[in-house]
Amino acid sequence: MKFAHDYKQSLASQGFPPHWVAHAIPYGQLKKCLKKVQRELQELGLDAETLRALLDPNTDSPVALNYSLNPSSSSKLVRPKLTVNIHLHEGNIIDASLAPTTRHFFEKIASGFAPDSSESEGETKPVDISRAETSDEGTRATPQTVINGNGAGHEKHDIIEVPLVSDGVFFDILQSDLGGLDALQATERDQLKKEVKEIGKQVSQVSRPTRFSKSDLDHWRHIFELYLDAEVFFATHEQEHGARSSQKALQQLQWFQNQVQKQQLVASFKLAESRSAFSKFLELNLTLLKHLQFQELNMLAISKILKKFDKRTALGVSRAFPNAISSRKMISGDIAKEVCARISNELVSIIPQINDYLCPICYSIAYQPVRLGCQHVFCIRCIIKIQRRKEECCPLCRARVVMDASAENIDTELEKFMKKYFLPEVKEKQRANDIERGVEVFGEGYTRSECTVM
Ligand SMILES: [Zn+2]
Ligand SMILES: [Zn+2]
């Protein structure tokens, strides 16, 4: 009762677009259907307690039940199937522990009769047309008789499918709604990917490195650095590796926004287009967050209804259902995951990040970049140092290429690129190199003094 209410409230109050809400898991409808499942089972004498006892694999009762959720071969949907394995002696079930209704029912279906349905609603009749069409199992309640070798015809071992209707309806509803959610996600995902592309175009316009016209390159680089640090939707460090909950994602997004504000990155944009691109970027992240919240809510509804199903029937669907559909992609991969990958591949990568241009030896920018024969790139100072030490092998791949390196190995294209995109880091590196060289020539006391014109 409480969850049904909360669920409705959350769907109505969290600002989800109406067409999403229309696709939400119909918890109330499923709950009603579950009542029918329970009633149907009870009429057969199969209340939760009896079912639990009969489904126990360790039971020594001659009547054993088996419930499975398997994909049917004719449709892509998972179908529930309850079978009973009965030992009969002279037409009677040998099990004194069964309640009279249960025993009566088993004897009836063992003798080939389907139970009478006292239900007036069409969908609870034992033979349901929609099921008959899609079921590839043939007519239900047909005993597959296995005559025991020593029974001389008097002892039989029957595997019979119990004719149930409502549980099939329940899983049909659930799966068709999951399918609907999936389709909705696919459309939304494509839309978001388009938006990423659009924002990308805008950002590359406003962040072109240029000497003569205005550019917000540094601002955007900084913004994206902060965004990567925030790891809004995915954590990559060890303690909390993996996808984030919507609550945590919201916190991270707020952190990012605060940092951007604190450092006045948006306020000091030179170009108005940068401001508009940034608000679109934020909007995109907020939409992703909404998706995450919506997905969590639907998953919660599914897990609640399956738990309720198990409480009332002991059929173990909380585990069986997710297992049965996991390979069928009914619950699609997180939309956040895919769109985030797009953001980092297509958007963040527009602005080169310094981390991709560091020398693997000294961890500062690899200026002036020396490309060894093995194609690994280091800064010139580090190469000079390892040549002096007569270390012949590339520190990354151990190829014997270090001693062959000369001024010709300086990658001039890359050098130009670094100057263009990372000018402050390049200047800093040059200064550090000068000091290092000065110390080599003049000894420890050397400090670099700028050439000043008196
Ligand atoms: Zn280096
Ligand atoms: Zn190498």
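Residues numbered from 1 in each chain as written. Chains lettered and ligands numbered in written order. Predicted model: local features only at pLDDT ≥ 70, side-chain atom pairs only at ≥ 80, totals over all residues. Heavy atoms only, no water.

- An unreviewed UniProt entry lists the protein under the name RING-14 protein, with Hypocrea virens given as the organism.

1. Let's talk about the packing of helix α8 (residues 217-230) against helix α10 (residues 272-313)
Thinking step 1. Where α8 meets α10, the axes come as close as 12 Å, and the angle between the chain directions of the two elements is 15°. One way to sum up the angle between α8 and α10 is to call them roughly parallel. α8 and α10 meet at a crossing whose hand is right-handed. Of the residues in α10, those in contact with Trp220, Ile223, Phe224 and Tyr227 of α8 are Ser274, Ala277, Phe278, Phe281 and Asn285.
Thinking step 2. Here the contact of α8 with α10 is built from residues that sort into 7 nonpolar, 2 polar and no charged. (Axes fitted to C-alpha atoms, helices over the stretch in contact; angles between N-to-C directions. Helix = DSSP H or I, 4+ residues; strand = E, 2+ residues; numbered from the N terminus. Parallel < 35°, antiparallel > 145°, perpendicular 65-115°, else oblique. Left-handed = near helix turned anticlockwise from the far one by under 90°. Contact = heavy atoms within 4.5 Å. Nonpolar A, V, L, I, M, F, W, Y, C, P; charged D, E, K, R; others polar.)

2. Examining the coordination of the zinc ion (ligand 2)
Each donor-metal-donor angle in an ideal tetrahedron of four donors is 109.5 degrees, and each such angle in an ideal octahedron of six donors is either 90 or 180 degrees.
Thinking step 1. Around the zinc ion (ligand 2), the protein supplies Cys374 (SG), His376 (ND1), Cys394 (SG) and Cys397 (SG) as donor atoms, at distances of 2.1 to 2.3 Å.
Thinking step 2. Around the zinc ion (ligand 2) sit 4 donor atoms; with metal-centred angles ranging over 107 to 111°, the donor geometry is tetrahedral.
Thinking step 3. Along the chain, the residues donating to the zinc ion (ligand 2) fall in the pattern C-x1-H-x17-C-x2-C. Remark: Cys394 occurs in the loop between α13 (380-388) and α14 (412-421) and Cys374 occurs in the loop between β8 (369-371) and β9 (377-379); sequence separation between them is 20 residues. (Donors = N, O, S within 2.8 Å, 3.2 Å for Na, K, Ca; no water. Tetrahedral: all angles 85-135°; square planar, octahedral: opposite > 155°, others 65-115°.)

3. As for unusual backbone geometry
Excluding glycine, most residues fall at negative phi; most peptide bonds, likewise, are trans.
Thinking step 1. Here the residue pair Tyr367 and Gln368 is connected by a cis peptide bond, since its omega of -25° sits within 30 degrees of zero.
Thinking step 2. As for its placement among the helices and strands, Gln368 is situated in the loop between α12 (335-347) and β8.
Thinking step 3. Despite not being glycine, Gln375 has its phi angle at roughly 80°, a positive value.
Thinking step 4. Along the chain, Gln375 falls in the loop between β8 and β9.
Thinking step 5. The backbone phi angle of Lys390 is positive, close to 60°, even though this residue is not glycine.

4. Side note on the coordination of the zinc ion (ligand 1)
Thinking step 1. Protein coordination at the zinc ion (ligand 1) comes from Cys359 (SG), Cys362 (SG), Cys379 (SG) and Cys382 (SG), with a distance range of 2.2 to 2.3 Å.
Thinking step 2. One can describe the site at the zinc ion (ligand 1) as tetrahedral: its 4 donor atoms subtend angles covering 99 to 119° at the metal.
Thinking step 3. We note that the donor set of the zinc ion (ligand 1) lies within a single chain, spaced as C-x2-C-x16-C-x2-C. One end of the pair, Cys362, is in the loop between α12 and β8; the other, Cys382, is in helix α13, and 20 residues separate them in sequence.

5. Thoughts on α12
Thinking step 1. Helix length check: α12, at 13 residues, gives a terminal C-alpha distance of 17 Å against a target of 18 Å (1.5 Å per residue), a fit within 8%.
Thinking step 2. Where α12 is concerned, the buried positions are Ile335, Ala336, Val339, Cys340, Ile343 and Leu347. For α12, the buried positions fall inside an angular range of 120° around the axis, keeping them on one side. Set apart from the buried face of α12 by more than 90 degrees, the exposed residues are Lys337 and Asn345.
Thinking step 3. Buried residues in α12 make contact with α7 (166-206), α8, β6 (234-235) and α10. (Expected span 1.5 Å × (residues − 1). Buried < 20%, exposed > 50% of the residue type's maximum accessible area, 1.4 Å probe, protein only. Arc of directions from axis to C-beta.)

6. Overview of the nonpolar core
Thinking step 1. Core analysis: the largest hydrophobic core is formed by 61 residues, its most contacted members being Trp220, Phe233, Phe256 and Ile343.
Thinking step 2. Counting residues per element, the ones that place at least two in this core are α7, α8, α9 (246-262), α10, α12, β9, α13 and α14.
Thinking step 3. Sorting elements by how many residues they give to this core places α10 first, with 8 residues.
Thinking step 4. Built from parts of two domains, this core gets at least three residues from each of domain 2 (180-301 + 329-354) and domain 3 (357-442).
Thinking step 5. Apart from the residues within four sequence positions on either side, Ile343 is in contact with Val196, Tyr227, Phe281, Leu284, Leu288 and Val348.
Thinking step 6. In terms of nonpolar packing, the next biggest core, distinct from the first, is built from 51 residues, Leu11, Val162, Leu306 and Phe309 among them. (Core = buried A, V, L, I, M, F, W, Y, C linked by side-chain atoms within 4.5 Å. Domains from an automatic or database assignment.)

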